[in-house]
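# Inside the fold
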Amino acid sequence: MPKVDLFNMSAEKIGEIELSDAVFGAPINKEAMHQVVVNILANRRQGTQSALTRAEVSGGGRKPWRQKGTGRARHGSIRSPQWRHGGIVFAPKPRDYRYTLPKKLRRVALKSALSSKVAENQIIVLDKLALEAPKTRIIAEMLNKFNANKTLIVVKESDEAIYKSVRNIENAHVVPVNNLNVYDILKYEKFIITQEAAKLVEEVYA
């Protein structure tokens, strides 16, 4: 089982914690992580792009000039794609980019992402993260002490005080365990997780 240091919010080491080998010490499967990241980004696409084909642009109902005898190329409509203000060839239309991946593949990818943070020594486990009221300064000072410039903070469940404290900090993001995903884990360099959240992740994915 991988052992990592346990810290408090003052960035002081207060002990060690053993993480589940099945979740935080799993083999790193780069292909699985890549597939899941591509899937997440595809599912986030709005797919609202749209352009007009030659059948949809206005005008062009009359033949611009007669077929023969002018010395110019033959044309049937001034709304053909080669004309200015003409229709678009293979015009993009609204579509849904969503698709699903097997659950086992998603689990393998998440375990690989978590294990990669442990392997790269980029994981920080906190004994607790609690605020009575939103205080951006407290979170910012904690991140500075950990030298965490681009950080994902994972908590057991949604906490409005923590969310409001983190949202104004550049390159910092907070998510509850149930919203944890491979893309966010890999996007941020540092991975800060509370002890309670780590146990919940182990219970769900072990």
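Relevant structure appears above.
Let me begin by describing the structure that accompanies this report. Just so it is clear, the structure is predicted and the values come from calculations on it, not from any experiment. (Residues numbered from 1 in each chain as written. Predicted model: local features only at pLDDT ≥ 70, side-chain atom pairs only at ≥ 80, totals over all residues. Heavy atoms only, no water.)

## Quick look at the pattern of salt bridges
To be explicit about the condition: Within this document, salt bridges are pairs made up of a side-chain nitrogen of Lys or Arg and a carboxyl oxygen of Asp or Glu, the two lying within 4 Å of each other. Under the scheme used here, helices are H or I runs from DSSP no shorter than 4 residues and strands are E runs no shorter than 2 residues, and both carry numbers assigned from the N terminus. Only protein chains enter the accessibility calculation, which uses a 1.4 Å probe. A residue is then buried if its area is under 20% of the maximum for its type, exposed if over 50%, and partly exposed in between.
On inspection of all chains with the given rule, the structure shows four salt bridges. E56 is paired through a salt bridge with K93; the nearest N and O atoms lie 2.7 Å apart. Of this pair, E56 sits in the loop between helix 2 (30–44) and helix 3 (103–119) while K93 sits in the loop between helix 2 and helix 3; the two residues are 37 residues apart in sequence, bridging distant segments of the chain. Judged by its relative accessible area of 30%, K93 is partly exposed. We note a salt bridge from E141 to R137, for which the minimum N-O separation is 3.5 Å. Of this pair, E141 and R137 are both found in helix 4 (residues 136–145), four residues apart, which corresponds to roughly one turn of the helix. A relative accessible area of 37% places E141 in the partly exposed class.

## Focus on the packing of helix 2 against helix 3
Where we set the bar: Angles run from 0 to 180 degrees between N-to-C directions of axes, and those axes are lines fitted to C-alpha atoms, restricted for helices to the stretch in contact. Each angle gets one of four labels, with under 35 degrees taken as roughly parallel, over 145 as roughly antiparallel, 65 to 115 as roughly perpendicular, and the rest as oblique. Whether a crossing is left-handed or right-handed is set by the direction in which the near helix is turned from the far one by less than a right angle, anticlockwise for left-handed and clockwise for right-handed. Any two residues whose heavy atoms approach within 4.5 Å are treated as being in contact. When residues are grouped by polarity, Ala, Val, Leu, Ile, Met, Phe, Trp, Tyr, Cys and Pro land in nonpolar, Asp, Glu, Lys and Arg in charged, and all others, Gly among them, in polar.
Here helix 2 crosses helix 3 at 110 degrees, and the two axes come no closer than 8 Å. In terms of their interaxial angle, helix 2 and helix 3 are classed as roughly perpendicular. As helix 2 runs across helix 3, the sense of the crossing is left-handed. For the pair helix 2 and helix 3, the contacting residues are A32, M33, Q35 and V36 in the first and L105, R106, V108, A109, S112 and A113 in the second. Residues belonging to the contact of helix 2 with helix 3 are distributed by class as follows: seven nonpolar, two polar and one charged.

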